[in-house]
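Chain residues, written in single-letter form:
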Amino acid sequence: GKKYQVKAHRPAGVKITTALFNIPALLKGEWDYLVYVRYNEKYVIQEIKRIGRKKFEKEYGNRMSLSLKATEEWEKLEVNNGKV
């Protein structure tokens, strides 16, 4: 089967760093797909995106971190009423 690495983000209401992932640490794990889940302040899912490992390594493997903006090109998964 496929292995998924899931990362989530919920705004805290205060300005924090825009970096989402530590890429070198992330690449040490064994996964086929990286899934990013963005919640609102009430923990309702706003969006879910995913990217395959090979594409992730090709596009971001030489970076130290990744911003939210970088996920704009990832595959969007459908969310209905806060559920996948």
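This text follows the structure it describes.
Quick caveat: nothing in here was measured; it's all calculated off a predicted structure.

Enquirer: Mind showing me how you'd approach the overall build of the protein chain here?
Expert: For the protein chain, the count of helices and strands is 2 helices and 6 strands. The buried share of the protein chain, reckoned over its 84 residues, is 25%. Here the analysis covers contacts within the protein chain between residues at least 6 apart in sequence; of these, 62% occur between residues at least 24 apart.

Enquirer: What is the right way to look at the pattern of salt bridges in this model?
Expert: Between side chains of opposite charge, a pair can form when the charged atoms approach closely. In this structure the tally under the stated criterion is 7 salt bridges. The closest approach of N and O atoms between Glu30 and Lys3, which form a salt bridge, is 3.1 Å. Of the two residues, Glu30 sits in the loop between α1 (23-27) and β3 (33-39) while Lys3 sits in the segment before β1 (4-9), which places them 27 residues apart along the sequence. Glu57 is the partner of Arg53 in a salt bridge, and the nearest nitrogen-oxygen pair spans 2.8 Å. Here Arg53 and its partner Glu57 are both found in helix α2 (residues 53-60), 4 residues apart, which amounts to about one turn of the helix.

Enquirer: What is the right way to read the nonpolar core from this model?
Expert: In a soluble, globular protein the nonpolar side chains are often hidden away together inside. Ranked by size, the top nonpolar core spans 12 residues in total: Phe21, Ile23, Leu26, Trp31, Leu34, Tyr36, Ile51, Phe56, Tyr60, Leu66, Ala70 and Trp74. Going through the elements one at a time, α1, β3 and α2 are the ones with two or more residues in this core. Not counting chain neighbours up to four residues away, the residues in contact with Leu34 comprise Gln5, Lys7, Phe21, Leu26, Lys49, Arg50, Ile51, Phe56 and Trp74.

Enquirer: Looking at this structure, I do not really get the packing of aromatic side chains. What am I missing?
Expert: To describe a pair of aromatic rings, you give the distance between the ring centres and the angle between the ring planes. In total, this model carries 6 aromatic pairs according to the counting rule given. Their ring planes at 50 degrees and their centres at 6.3 Å tell us that Tyr60 and Trp74 sit as a pair that is tilted. With a gap of 14 residues between them, Tyr60 in helix α2 and Trp74 in the loop between β5 (65-67) and β6 (75-77) connect regions that are remote in the sequence. Across the pair, Trp74 and Tyr60 agree in class, each one buried. Cluster of aromatic residues (ring-pair linked, three or more members): Trp31, Phe56, Tyr60 and Trp74. Here the guanidinium or amino end of Arg50 rests over the ring plane of Tyr33, the centre of that ring lying 5.1 Å away. The side chain of Arg53 reaches across the aromatic face of Trp31, ending 4.7 Å from its centre.

Enquirer: Is there a simple way to explain unusual backbone geometry in this structure?
Expert: Trans peptide bonds make up the majority, and among non-glycine residues the majority have a negative phi. Of note, Tyr43 is a non-glycine position whose phi angle comes to about 65 degrees, a positive value. You can see Tyr43 is positioned in the loop between β3 and β4 (45-52). On the basis of relative accessibility, which here comes to 55%, the residue Tyr43 falls in the exposed class.

Here is what the cut-offs are and how they apply
- Residues numbered from 1 in each chain as written.
- Predicted model: local features only at pLDDT ≥ 70, side-chain atom pairs only at ≥ 80, totals over all residues.
- Heavy atoms only, no water.
- Helix = DSSP H or I, 4+ residues; strand = E, 2+ residues; numbered from the N terminus.
- Buried < 20%, exposed > 50% of the residue type's maximum accessible area, 1.4 Å probe, protein only.
- Contact = heavy atoms within 4.5 Å.
- Salt bridge = Lys/Arg side-chain N within 4 Å of Asp/Glu carboxyl O.
- Core = buried A, V, L, I, M, F, W, Y, C linked by side-chain atoms within 4.5 Å.
- Phe/Tyr/Trp six-rings, centres within 6.5 Å; stacked < 30°, edge-to-face > 60°.
- Lys NZ or Arg CZ within 6 Å of the ring centre and 35° of its normal.

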